[in-house]
Amino acid sequence: MTGTSARGAGGRRVVPVRHYGQWVGIAVIAALAALLVWQVALNSVIRWDLVFSRLGAEAIMQGALVTVVLTVIAMVLGVALGVVVAVMRISGNPVLATVAWVFVWVFRGTPLLVQVLVWFNLALFLPEIGVGSFSIPLNTISPFAAALIALTLNEAAYMSEIVRGGLLSVDPGQQEAAGALGMTPAQTLRRVVLPQAMRAILPPTGNELVTLLKETSLVSVIGAGDLLYRARQIGAADFSLMEMLLVASVWYLALTSVASVLQAWLERRFDPGARASGSGFAARMFGFRNTERAAAPAEKTGEHA
């Protein structure tokens, strides 16, 4: 193969199929989007200058930082706890399996907003915890701590099911082979099962990260100082609530875009098939395959046959 040309059987030049319908569809969508933007610009009463001027406001940046910190910590702790719960679910111990099932049933079956409010008002259920003279009052739990606990436990419930599905996707023969080599169950899980299950675990984990990033907005109801809470504070002070909601939306969109890029990079790194097929980063990002590049290795192999 020379340059971008490709040769098929008999030395004939292979010409890619022209997808004119795709270009027509793109043109129609672009025209409709431009029309929508034009109508909004003409008819809306939103103070767009205020929106753009407050994107970098100090309070908004502080709220964005709190949102990122909540997301990262809750995701790390949720994944770690989710792995433990998933191992408990698939273990042969009926007590551990039952405890894990009840945990998932409770925290996955109740709304996250309710969980946030319950943890923030934990003193209503349990004023203090301790034995005898040693007790810790629970009426001083901070909004940030309540938000972190609720997000972590909720994320752990969902991640446990994702990890459990990934573990069950590994051939049981792999565990038997590891046992024959003298590995302990913990070594088998860490060295054999988990590395193979990562290909099934990573894509939904990336989706969970994006979802968790948006779900942090629910903690604004308890004043946790997140992005949405800061935006609503500013908007309520000078009657610019809608403008500030748009500011928060821009930041959420930017943060979720970064998380989506990270997800696409991780999927490509742990998917040897994607690298071998020649799919570009954009193809993995937006969910399509570069068929021309994917066909090139096969055509090249046919030339040497």
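Residues numbered from 1 in each chain as written. Predicted model: local features only at pLDDT ≥ 70, side-chain atom pairs only at ≥ 80, totals over all residues. Heavy atoms only, no water.

## Some thoughts on the overall build of the protein chain
So the rule is basically this: Labels follow the DSSP assignment, with helices taken as runs of H or I lasting at least four residues and strands as runs of E lasting at least two, numbered in each case from the N terminus. Note on classification: 1.4 Å probe, protein chains only; a residue is buried when its accessible area is under 20% of the maximum for its type, exposed when over 50%, partly exposed between these limits. Here a residue-residue contact requires only that any non-hydrogen atoms of the pair lie within 4.5 Å. Surface accessibility in these figures is a Shrake-Rupley result with a 1.4 Å probe; residues are shielded only by whichever protein chains are displayed.
Check the secondary structure of the protein chain and you find 13 helices and two strands. A buried classification covers 31% of the 305 residues belonging to the protein chain. Restricting the contact set of the protein chain to residue pairs at least 6 apart, pairs at least 24 apart contribute 66%. Surface exposure of the protein chain reaches about 18,500 Å², of which carbon and sulfur atoms provide 68%.

## Description of a nonpolar patch on the surface
Where we set the bar: Only residues whose relative accessible area exceeds 30% and that form no salt bridge are eligible for patches; like-charged ones are grouped when within 9 Å, while nonpolar side chains (Val, Leu, Ile, Met, Phe, Trp, Tyr) are grouped when within 5 Å. Salt-bridge detection follows one rule: a side-chain nitrogen of Lys or Arg within 4 Å of a carboxyl oxygen of Asp or Glu.
There is a patch of nonpolar side chains on the surface, built from Leu65, Val68, Val69, Val72, Ile73, Val76, Leu77 and Phe144 and spanning about 620 Å² of accessible area. Take Leu77: it is sitting in helix α3 (residues 58–90).

## A word on the confidence of the model for the protein chain
Put simply, the rule is: How sure the predictor is of each residue is captured by pLDDT, a score from 0 to 100.
Mean pLDDT over the protein chain works out to 83, with 85% of the residues at or above the 70 mark. A low-confidence stretch, residues 291–305 stays under pLDDT 50, and its non-local contacts, those more than four residues away or across chains, total 14 contacts.

## Observations concerning the nonpolar core
Where we set the bar: Remark: nonpolar core denotes a set of buried residues (Ala, Val, Leu, Ile, Met, Phe, Trp, Tyr, Cys) joined through side-chain atoms within 4.5 Å.
Core analysis: the biggest nonpolar cluster contains 27 residues, and Leu70, Val116, Ala147, Leu151, Val163, Val219 and Ile222 have the highest contact counts within it. Those elements that provide at least two residues to this core are α3, α5 (112–120), α6 (143–168) and α8 (185–215). Ranked by residues supplied to this core, first place goes to α6 with nine residues. Contact partners of Leu151, with chain neighbours within four places excluded, come to Leu70, Ala74, Leu112, Leu212, Glu215, Thr216 and Val219. With 10 residues, the next largest nonpolar core counts Ala64, Leu227, Met244 and Ala248 among its residues.

## Things to note about the pattern of salt bridges
By the definition in use, this model includes five salt bridges. Ionic pairing is found between Arg47 and Glu243, a salt bridge with its closest N-O pair at 3.4 Å. Note that Arg47 is positioned in the loop between α1 (20–43) and α2 (48–53) and Glu243 in helix α10 (residues 241–269), a separation of 196 residues in sequence. Take Glu243: its relative accessible area is 5%, and that puts it in the buried class. One salt bridge in this structure joins Glu161 and Arg164, with 2.9 Å as the shortest N-O distance. Highlighted residues: Glu161 and Arg164, both in helix α6, separated by three residues, approximately one helical turn. Of the residues examined, Glu161 reaches a relative accessible area of 18% and is grouped as buried. Of the residues examined, Arg164 reaches a relative accessible area of 22% and is grouped as partly exposed. Connected through shared salt-bridge partners, Arg89, Arg108, Glu161 and Arg164 make up one network.

## Examining the environment of Leu117
Positionally, Leu117 belongs in helix α5. Separated by 33 residues in the primary sequence, Leu117 and Ala150 have C-alpha atoms spaced 8.8 Å apart. For Leu117, the residues in contact, after removing those within four places along its chain, are Val221 and Ile222.

## Some points on the packing of α3 against helix α9 (residues 227–238)
Convention followed: Every angle, taken between N-to-C directions, lies between 0 and 180 degrees, and every axis is a line fitted to C-alpha atoms, over only the stretch in contact when it is a helix. Angles below 35 degrees are treated as roughly parallel, those above 145 as roughly antiparallel, those between 65 and 115 as roughly perpendicular, and all remaining angles as oblique. Residue classes follow a fixed rule: Ala, Val, Leu, Ile, Met, Phe, Trp, Tyr, Cys and Pro count as nonpolar, while Asp, Glu, Lys and Arg count as charged, and any other residue, Gly among them, counts as polar.
α9 packs onto α3 with a crossing angle of 155 degrees between their chain directions and a minimal axis gap of 7 Å. In terms of axis orientation, α3 runs roughly antiparallel to α9. Across from Ala59, Ile60, Gln62, Gly63, Ala64 and Thr67 in α3, the residues of α9 making contact are Leu227, Arg230, Ala231 and Ile234. Among the residues forming the contact of α3 with α9, the class breakdown is six nonpolar, three polar and one charged.

## Considering the packing of aromatic side chains
This is how it is decided: When two rings of Phe, Tyr or Trp (its six-membered ring) have centres within 6.5 Å they constitute a pair, described as stacked for plane angles under 30 degrees, edge-to-face for angles over 60, and tilted for the intermediate range.
The final tally for this structure, using the stated rule, is two aromatic pairs. Centroid distance Trp101 to Trp105: 5.8 Å. Interplanar angle 5 degrees. Geometry classified as stacked. A residue pair is termed a helical-turn pair when its members lie 3 or 4 positions apart in one helix, as Trp101 and Trp105 do in helix α4 (residues 94–109) at four residues. Look at Trp105 and you get exposed, because its relative accessible area is 57%.

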